[in-house]
Amino acid sequence: MQKKTDNQLMKLLTAKDKMALKELYRRYEMQVFNFLLRYTGRRGIAQELIQDTFTRLWFAANTFDAKRGNFKGWLYTIALNLARNEMSKKEYTYQFLAPDEVHNRRQVENDRQTPGPDDALEQKEMQISVNNALAKLQPHLREVIIMKNYRHLKFREIAEVTDTPESTLKARYHKAISELKKHLHSMEVTTHARNV
Amino acid sequence: MPEMCNINKNLLLDLYFHETSGKEEQKIRKHVEQCSECREYLMTLEQTDQSLHQWQDQSPLPHTLDIILEKIPDPQPKPVKAKPALAAAPFIKIAFSILAVLLVLVFLHNQVTRFSFWETLQEWWFVKLFGSLGVTAVLFFLLGTFITLALSPVLILESKSRKYKYYFS
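Residues numbered from 1 in each chain as written. Chains lettered and ligands numbered in written order. Predicted model: local features only at pLDDT ≥ 70, side-chain atom pairs only at ≥ 80, totals over all residues.

Asker: Hey, could you go over the overall build of chain B for me, with residue numbers and the actual values?
Answerer: Regarding its fold elements, chain B presents seven helices and zero strands. For chain B, the α and β elements follow one another from N to C terminus as α-α-α-α-α-α-α. Relative to its 169 residues, chain B shows a buried fraction of 8%. The long-range share in chain B, meaning contacts at least 24 apart out of those at least 6 apart in sequence, stands at 59%. (Helix = DSSP H or I, 4+ residues; strand = E, 2+ residues; numbered from the N terminus. Buried ≥ 20, exposed ≤ 12 C-beta atoms within 10 Å, placed from the backbone. Contact = placed C-beta atoms within 7 Å.)

Here is the structure:
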């Protein structure tokens, strides 16, 4: 099963082979989960969405056409659509700081009181900063950054997943970078001031 | 005050993410060597990329796959269709078809023999050889072939248009 290609596994999945689903999950769990985590900014939601993504994969396996595009892109399309639907719900719209982040922030504050390695503390703070900076981006900007910087998809592949022209995606990327730069810089300044 | 650079920033993205062809890459690199603005932009891309990677990958909960598998129903074995009690059903169909053809032939034979020209045809060697029913059968099949050939262009065009409709849909 491990030597089979994604497309071969998809054929088995069409025939309702659970082992094929297990293998595909093993291959893509980290990629899909972290994509969802960074898109939603919430671990709990990412956890639910990864379940939905692979459940949908099982039920929609027969709609996959290898001639139209690769499996990875198709899987990301499912995950992205689910994440978009979830985040379009009203309750998430104005909530930037996720419960996970609040927990992390408290943890950082606690760590600051007890002596520990500075690097680890800095690492945690930076992680929160990145999380917050990504959360402040508009969803369509965030998804390009995540797919490009974390998942290393080519612009052509992102265009397939999002059904958006490459030129539009690049324009979004430029905008996202300038906003991220601004957010990350302001957060670094705040962190530095607090440390001083 | 540095001069404003007119290069399409998308090319810098292609360069940074290695999505350019060899020749194009050389051209852009040459430009970047001389342009401080582009170098600064590439630096921004790199710094942002580094900052973003401070948020490292995390794992989903270990039992996630079990939850997914619970949501998926066990594949049900396909119900085996019970064979019809009469295993000879296809043969019965064939026998009925042959009987129908024979009935049509007899009917046609009766109709043809009523015409006056039939009497003159009786002297023909072909009729003597095959008999009147045989001649009717030949006429029947000739008529069938003629109708099929006459309709074939229409049928071919119809099937082709259906094929292309499916292809473009």
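Asker: Explain the overall build of chain A residue by residue, including any values.
Answerer: Per the secondary structure count, chain A includes nine helices and zero strands. Listed N to C, the secondary structure of chain A is α-α-α-α-α-α-α-α-α in terms of helices and strands. Evaluated residue by residue, chain A yields a buried proportion of 33% over its 196 residues. Counting only contacts in chain A whose residues sit at least 6 apart along the sequence, the fraction spanning at least 24 positions is 65%.

Asker: Run through the confidence of the model for chain B, naming residues and quoting values.
Answerer: Residues with a pLDDT of 70 or more make up 86% of chain B, whose mean pLDDT is 81. We note a pTM of 0.64 for the whole complex and an ipTM of 0.73 for its interfaces. (pLDDT = per-residue confidence, 0-100.)

Asker: Any details on the interface of chain A and chain B? Residues and values, ideally.
Answerer: Taken together, the 31 residues of chain A in the interface contact 25 residues of chain B. Of all the secondary-structure elements, those providing two or more residues to the side of chain A that touches chain B are α2 (18-40), α3 (43-59), α6 (118-136), α7 (139-150) and α9 (166-195) of chain A. For the side of chain A that touches chain B, the element with the most residues is α2 of chain A, which contributes eight residues. The residue inventory of the side of chain A that touches chain B, partitioned by class, reads 15 nonpolar, nine polar and seven charged. (Nonpolar A, V, L, I, M, F, W, Y, C, P; charged D, E, K, R; others polar.)

Asker: Account for unusual backbone geometry, naming residues and giving values.
Answerer: Peptide bonds are trans in most cases, and residues, glycine excluded, mostly fall at negative phi. Residues and elements named next belong to chain A. Positive phi, normally seen in glycine, also occurs at Lys16, with a value near 60°. Residue placement: Lys16 occurs in the loop between α1 (6-14) and α2. The backbone of His152 shows a phi angle near 55°, a positive value even though the residue is not glycine. As for its placement among the helices and strands, His152 is situated in the loop between α7 and α8 (155-162).

Asker: Quick one: what's the story with α3 of chain A, residue by residue and with numbers?
Answerer: Residue and element names in this part refer to chain A. In this model α3 runs 25 Å from its N-terminal to its C-terminal C-alpha over 17 residues, within 8% of the 24 Å that 1.5 Å per residue would give. For α3, the full list of buried residues reads Ala46, Leu49, Ile50, Thr53, Phe54 and Leu57. Taken around the axis of α3, the buried residues stretch over an arc of 130°, which confines them to a single face. Residues of α3 that are exposed and point over 90 degrees away from its buried face: Gly44 and Phe59. (Expected span 1.5 Å × (residues − 1). Arc of directions from axis to C-beta.)

Asker: So what's going on with the nonpolar core? Which residues, and what values?
Answerer: If you look at the biggest cluster of nonpolar residues, it comprises 53 residues, and the most contacted ones within it are Val32, Leu36, Leu75 and Ala79 of chain A. With residues up to four places along the chain from it excluded, the contact list for Leu75 of chain A reads Tyr28, Val32 and Leu57 of chain A. (Core = buried A, V, L, I, M, F, W, Y, C linked by C-beta atoms within 7 Å.)

Asker: So what's going on with α2 of chain A? Residues and values would help.
Answerer: Residues and elements named next belong to chain A. Compared with the 33 Å implied by 1.5 Å per residue over 23 residues, the 28 Å span of α2 between its first and last C-alpha is markedly short. At Tyr28, α2 is bent by approximately 60°, the largest bend along its length. Of the residues trailing α2, Gly41 is marked for its positive phi of about 75°. (Bend = angle between axes of the 7 residues up to and from the residue.)

Asker: Describe in detail the packing of α2 of chain A against α3 of chain A, supporting the description with residues and values.
Answerer: Residue and element names in this part refer to chain A. Put simply, α2 and α3 touch, their axes get as near as 9 Å, and they point 140° apart. Accordingly, the angle class assigned to the pair α2 and α3 is oblique. The way α2 lies across α3 gives a crossing that is right-handed. Counted together, Leu21, Tyr25, Glu29, Val32, Phe33, Leu36, Leu37 and Thr40 of α2 and Arg43, Ile45, Ala46, Leu49, Ile50, Thr53, Phe54 and Trp58 of α3 form the full contact between these two elements. (Axes fitted to C-alpha atoms, helices over the stretch in contact; angles between N-to-C directions. Parallel < 35°, antiparallel > 145°, perpendicular 65-115°, else oblique. Left-handed = near helix turned anticlockwise from the far one by under 90°.)

Asker: Residue-level account of the packing of helix α4 (residues 71-87) of chain A against α8 of chain A, with values.
Answerer: Residues and elements named next belong to chain A. Packing of α4 against α8 leaves a shortest axis separation of 8 Å and a crossing angle of 50°. When the axis of α4 is compared with that of α8, the two are oblique. Crossing of α4 against α8: the hand is right-handed. When α4 is examined against α8, the residues Gly73, Tyr76, Thr77 and Leu80 are found in contact with a partner set consisting of Glu157, Glu160, Val161 and Thr162. Residues belonging to the contact of α4 with α8 are distributed by class as follows: three nonpolar, three polar and two charged.

Asker: Which residues make up the environment of Lys182 of chain A, and what are the values?
Answerer: Residues and elements named next belong to chain A. For Lys182, the position within the fold is in helix α9. Judged by the 12 C-beta atoms lying within 10 Å of it, Lys182 falls in the exposed class. Sequence-wise, Lys182 and Ala133 are 49 residues apart; in three dimensions their C-alpha atoms are separated by 8.9 Å.

Asker: Tell me about the environment of Gly73 of chain A, residues and numbers included.
Answerer: Residues and elements named next belong to chain A. With respect to the secondary-structure elements, Gly73 resides in helix α4. By the C-beta count within 10 Å, which is 18 here, Gly73 ends up partly exposed. Distance from Gly73 to Ile158, taken between C-alpha atoms, is 7.7 Å for residues 85 residues apart in sequence. Other than its neighbours up to four places away in sequence, Gly73 contacts Glu157, Glu160 and Val161.

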